[in-house]
Structures are given as C-alpha cells and as structure tokens.
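Given next are the chains, with one letter for each unit.
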Amino acid sequence: MQTVRHFFPDLNAWLDQLPDSRVQEACTYPRRFLAWWGILLYLLQLGSRRQLDYDLREGGPQVLANLNRLAGTRQTTLPVHDTLDHFVGHSPRPGWEGLRTRLVGRLLRMKALDPARLLGLAVVLIDATGLLCFPRRHCPHCLVQRHGKQTLYLHQVLEAKLLGPGGVVISLGSEFIDNADAAQAKGQSAEQVKQDCELKALARLLPRLHQAHPQLRLVLSLDSLYGVGPAFALAGQFGWPFVATFKEGRTPALWQEYRALLQASPQNRLRRAGGDGRVQEFRWVERLDYRDSEGRDWQLAALECSERTADGQEQYFAWLTRLPVGKKTVEEIAQKGGRVRWKIENEGFNRQKNSGLNLEHVYSIDPEKWKVYYLLLQIAFILVQLVERGSLLRRLATELGRPLGKLFGSLRNIARRLLESLRFVAWADDWFDPRQAARVRIGLDSS
C-alpha cells in the first residue's frame, strides 16, 4: 500500500470526485468505497464479479476493516457484486477517464516514466484489440466479421499506452470501436451502417489525447496499418512525430523507392555488437518523398534494423518516421520507438487477457457498462504495474536474500498474496499515511 500512497497520495479524494447520476440516493455506500470494490476486482485478479462475493464477502475476517482503511471509510457491511454493477451503471464513463488522466498526470509530473522517453519525447504505443466476441448479434452496435460460413459479432477497442521503464505500459486513452455513433447519425439499421474501424477510431482518439494532455510532447509508435497519409495527417494536426512499421505490402511504391535510395546511401550504416553475441546493423534513408491517396505530399525518413543472434537466428524490422534520423539517433529511434511497439501486445493486451484480469470476460450484459469495466481494469492495471515493477519488491527480495523471481514464483502469486493479506491480516493504519509513503524512495525498474 505504500507504493500506491507514494505515487497517488490524493487517490481517495479523486475517487470522491467521480460523478454519478443517482447512485448516492439509491445506495448506502460512498463512491470511494464502491470504487475500491471495483478496483479490487482487478487488483486481486478475481476474474469475475461473482468472485467478489466468494473471495471477499465470505472470504475472511479482516476484509471489511481493511477495506475501510483502504478507502478511509466506516462502513459496517460489504456490498454484493450486483451493487458494483449498479454503481458502474450510474457512474458516467467520462468520470473514470478523468480519473485515469489524473493518475497519468501525477506519474508524468513525478518523471517516473521519463527513462523510456525517445529523444526527450514520451512514447505512446497505439494498437487495437478485441474486447468481446459473440456468435450471434448482441446489440445493434456490434461489428460484423465473416469467415466463410461463420459470422462473428465483435466489440473492439483502440488503445493508447504510455511507455514507461521496465516494460510498464500505462493506459493513456481508449476509443471503443463499434457502430453506435454511425447508427445514431444516419438513422440506419445495423445491417446498413458502414462499419467503424481502427483508422476512424484513431481520428477520434488523437484529439482526445491532446485535450487531456495538451502540454505533453509525445511520439506515436504505430503499426503498419497506420503507415499511410490519413494517419500522418492526424498526427500532424498536433505536431506529433511518429514511428510506424514499414511494410512493402502497405505502400509498395514507397518501399521500392526506399530500397533504391538505400543502395545509393552506403554511408548510412551503423553496426552494434552486444556482449551476448547479438549483432545489429542499422541502415537508413534520411528523406523519402511520398504522395498519399488524397494528394498530400510528405517528407519521411525510413530506417531498418537487421539482427543476428549468437545461435544464428535472424530478424528484420523497418520503420517510417518524421524524426531526424542519423548516426546519433538511428539506434535510439529503432529501439525506443520501433521495437518497443510489441509491448502493447505482450505487456498490455496479452497480460490483461490471459490472467485473472480477464479482459475478454463479459462483466455485464449492458454494452455501456462494459466500457466502464474496461476503464476500471486499466486504472487497476496502473496500480498493479507500479507494485510489480516498483523498487519496494526488489528491496524486499534483497532483504530476504532471495532472487526476485523466486520471491513469489509468478506475477499471479503477488495478487494471491495480496488477497490473503486482505482477508486475514489486520492492515496497520500507518501503511496508508501519505506523508510516510512520501518519504519512501520508490522507483520503477529500468534495467
């Protein structure tokens, strides 16, 4: 709890400011108490709302007292999982988005994420993932995807993750991909609506990022899907450079020009040999002229990295960018802007799907509530990563004389130990003192 209080000493006050419509009149629980109840659903990796009843309401003698210490409340009873669903239904989504913005802003002001910056710019990884999938239409807003004779009905989300040290990826913004807006705007049936897509969602996401963080200087790390003129124009509206995966099949004419200019620029080459036998070779072209499908002219740079490991395995990567590429910058751009993009998939989506965080679980049958549950997950995942990657765990491992990997055995076991502590250990009041937590030096692992 010292880690949470160190980074977010005003968290309970922020939870009190979550807007609601009718929840206070209909419910005896304060906002901050129910907000923590929802955050614990993910922080403890319970996997479903029902587990709140099984693991917390009926799970241990210290749960109520500890939850009151955590929330700074004096409740005499614990809610049921349907109370959380009621609270979510009456807590507007913008309030949770505002809470996330406050959490991210606090980390930025503390400079906790600065070691991951690229040429002084905060790196934002952008990609989409599936949220829910049904064999039958669930609602008029479902996306429709056909595979042969099979038809699937989907809900997706485009996510912007702020990169931090040690593999930390912090949710900066979320844009849900569905047909809700199109159906309302055109008054058409679900079958008539032209489907929402990632590029349309990007056009909604980037202005919202700029509105939430107008002073943040950032660089976008993008998939090859966004390596085209419309995405370049969107980023250019806010003066944001980008590093986009470069593939021949996406822009074939530009790729051919790149290969020709690369042969004419033998001096644009940098070789790096690592102590583990890994050898990397970087090559680049400083200027490529590109005219997109809408007749806009762009000046881009392109770079590539060829890697051979000690056992002979080879990998190849290439990117387009508007950052200045040369001998002093090419390696940093490739490593901190290009190759890090996989972290949104592995450290972000895969972790949230294939653990007790259970991203693809249907936490409610109401599509609008899904979006709030998704934001609750992202907020809880910020706290999860600060605990896992924070220096207090490493300090504990050192004090016990054990390697960190053997301290708990797995990341899932950290959540289990926290659950057992919540159920059976009387948490001390001084663990929640923000002034004491502020005196503790806690950093994120950047090794």
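Residues numbered from 1 in each chain as written. Predicted model: local features only at pLDDT ≥ 70, side-chain atom pairs only at ≥ 80, totals over all residues. Heavy atoms only, no water.

Participant: Is there a simple way to explain the environment of Glu420 in this structure?
Facilitator: Relative to the helices and strands, Glu420 resides in helix 18 (residues 411–424). Counting along the chain gives 10 residues from Glu420 to Asp430, while the straight-line C-alpha distance between them is 20 Å. (Helix = DSSP H or I, 4+ residues; strand = E, 2+ residues; numbered from the N terminus.)

Participant: What is the right way to look at the nonpolar core in this model?
Facilitator: Across soluble globular proteins, you tend to see nonpolar side chains buried next to one another. Phe8, Trp36, Trp96 and Leu220 are the most contacted members of the largest nonpolar core, which totals 113 residues. Considering each element in turn, this core owes the most residues, 14 residues, to helix 15 (residues 367–389). Dropping the residues within four chain positions of it, Trp36 is found in contact with Val4, Leu11, Asn12, Leu15, Leu67, Leu70, Ala71 and Leu383. With 24 residues, the next largest nonpolar core counts Leu118, Leu121, Val123 and Trp284 among its residues. (Core = buried A, V, L, I, M, F, W, Y, C linked by side-chain atoms within 4.5 Å. Buried < 20%, exposed > 50% of the residue type's maximum accessible area, 1.4 Å probe, protein only. Contact = heavy atoms within 4.5 Å.)

Participant: For this particular structure, what's the right way to read the environment of Ala426?
Facilitator: Relative to the helices and strands, Ala426 is located in the loop between helix 18 and helix 19 (434–438). Distance in space between the C-alpha atoms of Ala426 and Ala65 is 7.6 Å, their sequence separation being 361 residues. Ignoring anything within four residues of it in the chain, the contact list for Ala426 reads Gln62, Asn66 and Arg69.

Participant: So what exactly am I meant to see when it comes to the pairing of strand 6 (residues 242–245) here?
Facilitator: Neither face of strand 6 is left uncovered, since the one carrying Phe242 and Ala244 and the one carrying Val243 and Thr245 both have all their residues buried. With 3 bridges connecting them, strand 5 (residues 218–222) and strand 6 associate as parallel partners. Note that in strand 6 the partner of Ser221 across the bridge is Val243. Note on the crossover from strand 5 through helix 11 (residues 229–236) to strand 6: the handedness is right-handed. Sheet topology places strand 6 next to strand 10 (residues 314–321); 3 bridges connect them, and they run antiparallel. (Pairing = 2+ DSSP bridges. Right-handed = clockwise from strand over helix to strand, strands pointing away.)

Participant: Before we go on, may I ask you to explain helix 12 (residues 252–263) in this structure?
Facilitator: Residues three or four positions apart in an α-helix share a direction because the helix packs 3.6 residues into each turn. The first and last C-alpha atoms of helix 12 sit 17 Å apart over 12 residues, in line with the 16 Å expected at 1.5 Å per residue. All of the buried residues in helix 12 are Leu254, Trp255, Tyr258 and Leu262. The arc that holds the buried residues of helix 12, viewed along the axis, is 100°, so those residues lie on one side. Along helix 12, exposed side chains directed more than 90 degrees from the buried face belong to Ala253, Gln256 and Gln263. Residues of helix 12 that are buried make contact with strand 8 (279–291), strand 9 (297–308) and strand 10. (Expected span 1.5 Å × (residues − 1). Arc of directions from axis to C-beta.)

Participant: Any chance you could explain the pairing of strand 5 here in plain terms?
Facilitator: Side-chain positions along a regular strand alternate between the two faces of the sheet. For strand 5, the tally of buried residues reaches 5 of 5 residues, placing the bulk of the element in the interior. Residue alternation in strand 5 divides its side chains into two sets, Leu218, Leu220 and Leu222 and Val219 and Ser221, and both sets are buried. Of the pairings in the sheet, the one linking strand 1 (residues 122–134) to strand 5 comprises 4 bridges and is parallel in character. Across the sheet, the residue bridging to Ala122 is Leu218, located in strand 5.

Participant: When you look at the pattern of salt bridges in this model, what are you seeing that I'm missing?
Facilitator: Any two side chains of opposite charge can pair, so long as their charged atoms come close to each other. Within the structure shown, the criterion is met by 32 salt bridges. Between Arg49 and Asp82 there is a salt bridge, with its nearest N and O atoms 3.3 Å apart. Taken together, the residues span a long stretch of sequence, with Arg49 in the loop between helix 4 (31–43) and helix 5 (50–57) and Asp82 in helix 7 (residues 81–89) at a distance of 33 residues. A relative accessible area of 14% means that Arg49 is categorised as buried. Overlapping salt bridges, with partners in common, bring together Arg93, Glu97, Glu175, Asp178, Asp196, Arg204, Arg208, Glu368 and Lys371 in one network. (Salt bridge = Lys/Arg side-chain N within 4 Å of Asp/Glu carboxyl O.)

Participant: When you look at unusual backbone geometry in this model, what are you seeing that I'm missing?
Facilitator: Non-glycine residue Leu119 carries a positive phi angle of around 50°. With respect to the helices and strands, Leu119 occurs in the loop between helix 8 (93–109) and strand 1. By relative accessible area, Leu119 is classed as partly exposed at 32%. In this model, Asn358 sits at a positive phi of 55°, which is unusual for a non-glycine residue. Along the polypeptide, Asn358 turns up in the loop between helix 14 (343–353) and helix 15.

Participant: Teacher, can you tell me more about the packing of helix 4 against helix 15 here?
Facilitator: How two helices pack is summed up by the angle between their axes together with the distance between the axes. Their axes nearest at 8 Å, the elements helix 4 and helix 15 cross at an angle of 70°. By the criterion of interaxial angle, the relationship of helix 4 to helix 15 is roughly perpendicular. With respect to the hand of their crossing, helix 4 and helix 15 are arranged in right-handed fashion. Contacts between helix 4 and helix 15 involve Ala35, Trp36, Gly38, Ile39, Tyr42 and Leu43 on the former and, on the latter, Tyr373, Leu376, Leu377, Ile379, Ala380, Leu383 and Val384. Grouping the amino acids of the contact of helix 4 with helix 15 by side-chain chemistry returns 12 nonpolar, 1 polar and no charged. (Axes fitted to C-alpha atoms, helices over the stretch in contact; angles between N-to-C directions. Parallel < 35°, antiparallel > 145°, perpendicular 65-115°, else oblique. Left-handed = near helix turned anticlockwise from the far one by under 90°. Nonpolar A, V, L, I, M, F, W, Y, C, P; charged D, E, K, R; others polar.)

Participant: What should I look at first to understand the packing of aromatic side chains in this one?
Facilitator: For any two aromatic rings, the description comes down to two numbers: the centre-to-centre distance and the angle of the planes. By the definition in use, this model includes 16 aromatic pairs. The interplanar angle of 0° and the centroid separation of 4.5 Å between the aromatic rings of Phe232 and Phe242 together place this pair among those described as stacked. Here Phe232 is found in helix 11, whereas its partner Phe242 is found in strand 6, with 10 residues between them in sequence. Judged by relative accessible area, Phe242 falls into the buried class, the value being 1%. Taken together, Phe232, Phe242, Tyr290 and Trp298 form an aromatic cluster joined through their ring pairs. (Phe/Tyr/Trp six-rings, centres within 6.5 Å; stacked < 30°, edge-to-face > 60°.)

Participant: What exactly am I supposed to notice about the packing of helix 10 (residues 198–212) against helix 11 here?
Facilitator: The geometry of helix 10 relative to helix 11 is characterised by a closest axis approach of 10 Å and an angle of 5° between their N-to-C directions. Classed by the angle they form, the pair helix 10 and helix 11 counts as roughly parallel. Across the interface between the two elements, Leu199, Leu202, Ala203 and Leu206 from helix 10 touch Ala231, Leu234 and Ala235 from helix 11. Of the residues assigned to the contact of helix 10 with helix 11, the class counts are 7 nonpolar, no polar and no charged.

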